[in-house]
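Structure at a glance
Below are the chains, spelled out letter by letter.
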Amino acid sequence: MNGLLQNDRDATWQGRIKRWRVIAVWLIALPMTAAAGPPGHPLAEVEIAGISLDTPADKIAGILQAQDYTQVNSSLYTKSEAAPNGRSTVYRVEVDDTAGSRELSYSRSLTGGRNKSPPSRDAAIPDSEIAMVRQLYDAVCNVSEDLQSERKCAPPQPASVMINHGMMLTVDANHSVLLKASDSSTSVMVKGSGVGR
């Protein structure tokens with residue numbers, strides 16, 4: 001009989017020890033979770049040419065220059081690549097910082113040369129832009145159907161991704177976005193205010 005009582009006591013103490021271990025782990029993990037802070041706004045995490053609303057200002061020039069962009073002035077970076085028919089593809093990235101806000105814009109367009117035939121309409125958005133365009137589209141349009149309709153989230157196609165008919169959209173009090181991407185040109189802009197840098 002004493003053996004059964006001893007086994008019950010051991011089982012009880014082992015159960016209590018297991019519960020205390022779980023509580024101890026939880027108490028240790030709780031401050032770490034709180035220190036991490038709330039997750040940022042999805043638009044603040046979107047990378048446009050490798051930079052986001054949260055990228056420190058002193059890192060921007062290096063990130064863009066590593067991608068062969070040339071700094072034109074304090075806010076504008078450009079690069080150009082040869083395209084068919086004697087044309088050029090021109091890329092522009094602009095970063096406008098003001099007190100408490102940032103505006104990032106990116107564009108790709110064709111210039112110069114002679115183009116006797118229109119571009120193929122089944123050509124896809126370039127691979128170099130797909131991740132950025134998809135991330136931006138998901139940040140704005142991965143919402144309820146009513147909000148998708150309000151934001152005019154056109155179903156993405158391989159050759160075209162657009163929000164709000166390609167016009168600026170106010171997402172909330174602190175964020176605005178523009179997205180119009182196609183095989184022939186792309187325009188993207190993200191504005192954020194009240195974000196620390």
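Here the structure is a predicted model, which means the values were calculated and not measured.

Cut-offs and rules
- All residue numbers refer to positions counted from 1 along the written sequence of the respective chain.
- Totals for whole chains, interfaces and linings use all residues, but because this is a predicted model, local features are given only for residues with pLDDT of at least 70 and pairs of side-chain atoms are given and counted only at 80 or more.
- The basis for the side-chain values is all heavy atoms of the structure; hydrogens and waters are excluded.
- Under the scheme used here, helices are H or I runs from DSSP no shorter than 4 residues and strands are E runs no shorter than 2 residues, and both carry numbers assigned from the N terminus.
- Each residue's exposure class comes from its accessible area (1.4 Å probe, protein chains only) as a fraction of the maximum for that residue type: buried when under 20%, exposed when over 50%, partly exposed otherwise.
- When checking whether two residues touch, look at their non-hydrogen atoms; a contact exists if any pair is within 4.5 Å.
- Method for areas: the Shrake-Rupley scheme with a 1.4 Å probe, in which residue coverage is limited to the protein chains shown.
- We call two N or O atoms a polar contact when they sit within 3.5 Å, provided that within protein one can donate a hydrogen and the other can accept it, with sequence-adjacent residues counted only if both atoms are side-chain atoms.
- Cysteine sulfur pairs qualify as disulfides if the two atoms are within 2.5 Å.
- Only protein atoms enter the 1 Å grid used here, on which a cavity is any set of points holding a 1.4 Å probe that cannot leave and a pocket is any open set flanked by protein within 12 Å on both sides along at least five of seven lines; residues with an atom within 4 Å of a point are listed as lining.
- Grid points are joined across faces, edges and corners, and a volume is the space filled by probe spheres set on the points.
- Here, a strand pair is defined by DSSP locating no fewer than two bridges between the strands.
- Here the nonpolar core consists of buried residues drawn from Ala, Val, Leu, Ile, Met, Phe, Trp, Tyr and Cys, with membership extended through side-chain atoms lying within 4.5 Å.

**Thoughts on the overall build of the protein**
- The secondary structure content of the protein amounts to five helices and eight strands.
- When the helices and strands of the protein are placed in sequence order, the string is α-α-α-β-β-β-β-α-α-β-β-β-β.
- For the protein, the proportion of its 197 residues judged to be buried stands at 30%.
- Looking at the protein alone, contacts between residues at least 24 apart form 47% of all its contacts between residues at least 6 apart.
- Accessible surface for the protein amounts to roughly 12,400 Å². Of this, 55% is attributable to carbon and sulfur atoms.

**Here's the deal with the environment of Tyr106**
- Relative to the elements of secondary structure, Tyr106 occurs in strand β4 (residues 101-111).
- Among the residues examined, Tyr106 registers a relative accessible area of 6% and is labelled buried.
- Along the primary structure Tyr106 and Val190 are separated by 84 residues, whereas in three dimensions their C-alpha atoms are 9.2 Å apart.
- Those residues in contact with Tyr106 that lie beyond four places of it in its chain are Ile48, Ala49, Tyr69, Tyr91, Arg92, Val93, Glu129, Met132, Thr186, Ser187 and Val188.
- Of the polar contacts made by the side chain of Tyr106, one reaches the side chain of Glu129; its length is 2.7 Å.

**So, the state of the cysteines**
- Summed over all chains, the structure comprises one disulfide.
- A sulfur-sulfur separation of 2.0 Å characterises the disulfide bridge that pairs Cys141 with Cys153. On the S-S bond that ties Cys141 to Cys153, the torsion sits near -85°, and the link is left-handed. Here Cys141, found in helix α4 (residues 127-141), pairs with Cys153, found in the loop between α5 (145-150) and β5 (160-162); they are 12 residues apart in sequence, far enough to count as distant.
- The class of Cys141 is buried, set by a relative accessible area of 4%.

**Focus on the layout of surface pockets**
- Of the voids in this model, the second largest pocket is the one considered here, and its volume is about 190 Å³.
- Residue lining of the second largest pocket: Glu47, Ala49, Gln67, Tyr69, Lys79, Glu81, Tyr91, Tyr106, Ser128, Glu129, Ala131 and Met132, and that is the complete set.
- With four residues, α4 is the largest single contributor of residues to the lining of the second largest pocket.

**Section: the side chain of Ser176**
- Within the secondary structure, Ser176 sits in strand β7 (residues 175-182).
- Those residues within four positions of Ser176 in sequence are excluded, and the remaining contacts are Met168, Leu169, Thr170, Val171, Met189, Val190 and Lys191.

**Observations regarding the pairing of β7**
- Among the eight residues that make up β7, seven are buried, leaving the element largely enclosed by the rest of the structure.
- In this structure, β5 lies alongside β7, joined through three bridges in antiparallel fashion. When the sheet's bridge partners are listed, Ser160 is paired in β7 with Ser182.
- Across two bridges, the pairing between strand β6 (residues 169-170) and β7 is antiparallel. By the bridge assignment for β7, Thr170 is matched with Ser176.

**Thoughts on the nonpolar core**
- Ranked by internal contacts, the top residues of the largest apolar core, which has 34 residues, are Leu43, Val93, Tyr106 and Leu179.
- Among the elements that line this core, the one with the most residues is α4, at seven residues.

**Topic: unusual backbone geometry**
- Positive phi is not limited to glycine here, since Asp68 has a value of about 75°.
- A relative accessible area of 62% places Asp68 in the exposed class.
- Positive phi values are uncommon outside glycine, yet Asn85 reaches one of about 65°.
- As for its placement among the helices and strands, Asn85 is situated in the loop between β2 (76-83) and β3 (87-98).

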